Amino acid sequence: MTYLHFNPKLYFLFILVAFITSCQKDELLYSDDIDVVLDQTITEASKNESDEIPTNLDPYINWVYHMQGTSGLLESAENSNFVSLYDNALAAILFIQQDNPERAEKIFDFYNARKETELSSNGGFYQSRNTAGEEGERIWMGDHAWLLIALNHYKATYKSNKYQSLGTALDHWLRSMQNEDGSIMGGVNGDGSLIPKVTEGILMAFNAVEGYDDFHKGILRFLKKNRWDSNLGVLISWPENPKYNYAMDLHPLGNGIITDMPDDVLFQANKYLNNQTLTVTGEEITGYCFDEDKDVIWLEGTAQMAVAFNGIGRFDKSQELIATLEKTLLNSTIIENAQGIPYASNQGTSYGTGLLWDHADIAPALSSTIWYAFAKLRFNPLHLGRKNNIPNEDKFWIPSISI
């Protein structure tokens, strides 16, 4: 049996209609005024119905829900006025995993409405913008791949072609960014300069574009020739700068994306393990840095490692990391019963020598919190796009097999 829950605005609507019909027209409202009142009431009631946040959510899930604004986009951290395409793609995937398609659709609708003005006419969606959805900056290829991954989850989960046009446009855009050597162009900075070829983004494009064809073959050729350490059996990030040749995220992402990648790649990430003191609580924890600087613990990346260990059945390792991450949970300063995980444990550098932003270690961040949620849920968003039909001769990562 289906039960209807009480909605005070719809109840008010019922009373209003009953009252109006019991009065003479000239005693209350003109008919046009009545139509306006009814339309406004129905619209507001429907809006509140779709905006309702489920009760009894875990605090970290509750925090993610509350970060969604009127534009449909989620702020990347509290009081930041900063919105990230990547973060919103992650949020859409989480909403779909939570079986709340309406929340994911608000994100997709925002970008769908800008498909022509940004993706087609401007060379791509902006990587970041303010919470109102304005003042866009920089176009980064990898975030487009994440948006397509989110759309693939929506299509697979709900068997819906509602966003087929947007998905097709992203597929074509990513394919158009491929170079003759199989690599994918990184995008364009705000000053018009080109973003270099980024291994992480290329991996994401490989996962996002469905099927396995010449696009994917080209990527594998490029990775084998230019971004593969055959001695260690790991992907590399920045061959032009040996000090930063290795990046931590390539271990969990590579393992999650590339079929039959040896599990040892996750244990090779131990080179990034270090101890740091949390800025907020002063407690010491152990986790993974972005690179071999070991000057910070990257909490998003640590959560990605927890997700990857779940993927290979090493739940013991994942639980260790989850326990560490839970020491970093911060209570929201603006939302009741809500917590999130900051981007990093302390101030330091991100990948390379660039400094983290001021609040990276003191405010809950969407990316860290959502990857932590994925780890808790034993859900890997990358497994949907895994290619199960790669010919053995293309699997350069397996010993004795080469292209």
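### Overview of the overall build of the protein
Right, on to step 1. Of the regular secondary structure elements, the protein holds 15 helices and eleven strands.
Right, on to step 2. The 403 residues of the protein split such that 52% are buried.
Right, on to step 3. Considering only residue pairs separated by 6 or more positions, the protein has 61% of its internal contacts joining residues 24 or more positions apart.
Right, on to step 4. Carbon and sulfur atoms provide 50% of the accessible area of the protein, an area that totals close to 18,500 Å².

### Details of the side chain of Thr369
Right, on to step 1. Along the chain, the position of Thr369 falls in helix H15 (residues 366-377).
Right, on to step 2. Among all residues touching Thr369, those that are not within four sequence positions of it are Tyr60, Trp63, Val64, Gln339, Gly340 and Ile341.

### Describing the nonpolar core
Right, on to step 1. Residues Phe108, Trp146, Leu174, Leu223 and Phe374 are the most contacted members of the largest nonpolar core, which totals 114 residues.
Right, on to step 2. Examining the composition of this core, we find that ten residues originate from one element, helix H4 (residues 85-97), more than from any other.
Right, on to step 3. For Trp146, the contacting residues outside a window of four places in its chain are Tyr86, Ala89, Leu90, Ile93, Met204, Trp371, Pro381 and Leu382.

### Regarding the pattern of salt bridges
Pairs may arise between side chains of opposite charge once their charged atoms sit close together.
Right, on to step 1. Under the definition given, this model contains twelve salt bridges.
Right, on to step 2. Put simply, Asp171, Arg175 and Asp213 are held in one network by salt bridges that share partners.

### Structural notes on the pairing of strand S9 (residues 284-288)
Right, on to step 1. Two strands pair when backbone bridges link them, and strand S8 (residues 273-277) and S9 are joined in this way by five bridges, in the antiparallel orientation. Residue pairing for S9: Asn275 is matched across the bridge by Thr286.
Right, on to step 2. Following S8, the chain reverses through six residues before pairing antiparallel with S9; Gly282 in that reversal takes a positive phi of roughly 80°.

### Overview of helix H5 (residues 101-112)
Right, on to step 1. Between its first and last C-alpha atoms H5 spans 15 Å; for twelve residues at 1.5 Å apiece the expected length is 16 Å, and the two agree.
Right, on to step 2. Pro101, Arg103, Ala104, Glu105, Ile107, Phe108, Phe110 and Tyr111 are the residues of H5 that are buried.

### A closer look at the packing of aromatic side chains
Right, on to step 1. Following the criterion strictly, the structure yields 22 aromatic pairs and no others.
Right, on to step 2. Here Phe110 and Tyr111 contribute two aromatic rings whose centre-to-centre distance is 5.1 Å and whose plane-to-plane angle is 80°, an arrangement assigned as edge-to-face. Of the two residues, Phe110 and Tyr111, neither departs from the other in class, the shared state being buried.
Right, on to step 3. Above the plane of the ring of Phe110 lies Arg114, whose end atom (NZ or CZ) is 3.6 Å from the centre.
Right, on to step 4. Cation over ring: Arg378 sits above Phe315, and NZ or CZ is 4.0 Å from the ring centre.

### Brief notes about the packing of helix H9 (residues 199-208) against helix H11 (residues 250-257)
Right, on to step 1. Where H9 meets H11, the axes come as close as 10 Å, and the angle between the chain directions of the two elements is 20°. Looking at the two axes, H9 sits roughly parallel to H11. In this structure, H9 crosses over H11, and the sense of that crossing is left-handed. When H9 is examined against H11, the residues Thr199, Glu200, Leu203, Met204, Phe206 and Asn207 are found in contact with a partner set consisting of Leu250, Leu253, Gly254 and Ile257.
Right, on to step 2. In terms of residue class, the contact of H9 with H11 is made up of six nonpolar, three polar and one charged.

### Regarding the environment of Ser120
Right, on to step 1. Note on placement: Ser120 falls in helix H6 (residues 115-120).
Right, on to step 2. Along the chain, Ser120 and Trp173 lie 53 residues apart, while their C-alpha atoms are 8.3 Å from each other.

### Here we look at the environment of Gly69
Right, on to step 1. Position of Gly69 among the secondary structure elements: in the loop between helix H3 (59-66) and strand S1 (83-84).
Right, on to step 2. Gly69 gets classed as partly exposed once you look at its relative accessible area, which sits at 34%.
Right, on to step 3. Residues Gly69 and Lys106 lie 37 residues apart in sequence; the distance between their C-alpha atoms is 9.7 Å.

### Focus: the sheet that holds strand S3 (residues 139-140)
Right, on to step 1. Strand order in the open sheet formed by three strands is S3-S4-S5, and the pairing between neighbours is antiparallel. Unpaired on one side and paired on the other, S3 and strand S5 (194-195) mark the two borders of the sheet.
Right, on to step 2. Where strand S4 (residues 187-188) and S5 come together, two bridges link them in antiparallel fashion. Residue pairing across strands places Gly187 opposite Ile195, the latter belonging to S5.

### What about unusual backbone geometry?
Right, on to step 1. You will see that Arg138, though not glycine, has its phi angle at about 60°, which is positive.
Right, on to step 2. Within the fold, Arg138 resides in the loop between strand S2 (128-129) and S3.
Right, on to step 3. The phi torsion at Lys294 lies on the positive side, around 55°, for a residue other than glycine.
Right, on to step 4. Following the sequence through the fold, Lys294 ends up in the loop between S9 and helix H13 (299-311).
Right, on to step 5. Given a relative accessible area of 37%, Lys294 falls into the partly exposed group.

### Quick word on the packing of helix H14 (residues 315-326) against H15
Right, on to step 1. Two elements in contact, H14 and H15, have axes whose closest approach is 11 Å; the angle formed by their N-to-C orientations is 140°. One element, H14, and the other, H15, form an angle in the oblique class. The way H14 lies across H15 gives a crossing that is left-handed. Across the interface between the two elements, Ile322, Leu325 and Glu326 from H14 touch Tyr372, Ala375 and Lys376 from H15.
Right, on to step 2. Per-class residue counts for the contact of H14 with H15 are four nonpolar, no polar and two charged.

### Overview of the confidence of the model for the protein
Any segment with low pLDDT has predicted coordinates that should not be analysed in fine detail.
Right, on to step 1. Taken residue by residue, the protein gives an average pLDDT of 89. The fraction at 70 or more is 87%.
Right, on to step 2. A low-confidence stretch, residues 1-50 (pLDDT under 50), is modelled with 24 contacts involving residues beyond four sequence positions or located in other chains.

Quick notes on the rules
- Residues numbered from 1 in each chain as written.
- Predicted model: local features only at pLDDT ≥ 70, side-chain atom pairs only at ≥ 80, totals over all residues.
- Heavy atoms only, no water.
- Helix = DSSP H or I, 4+ residues; strand = E, 2+ residues; numbered from the N terminus.
- Buried < 20%, exposed > 50% of the residue type's maximum accessible area, 1.4 Å probe, protein only.
- Contact = heavy atoms within 4.5 Å.
- Areas by Shrake-Rupley, 256 points an atom, 1.4 Å probe, with all protein chains shown as cover.
- Core = buried A, V, L, I, M, F, W, Y, C linked by side-chain atoms within 4.5 Å.
- Salt bridge = Lys/Arg side-chain N within 4 Å of Asp/Glu carboxyl O.
- Pairing = 2+ DSSP bridges.
- Expected span 1.5 Å × (residues − 1).
- Phe/Tyr/Trp six-rings, centres within 6.5 Å; stacked < 30°, edge-to-face > 60°.
- Lys NZ or Arg CZ within 6 Å of the ring centre and 35° of its normal.
- Axes fitted to C-alpha atoms, helices over the stretch in contact; angles between N-to-C directions.
- Parallel < 35°, antiparallel > 145°, perpendicular 65-115°, else oblique.
- Left-handed = near helix turned anticlockwise from the far one by under 90°.
- Nonpolar A, V, L, I, M, F, W, Y, C, P; charged D, E, K, R; others polar.
- pLDDT = per-residue confidence, 0-100.

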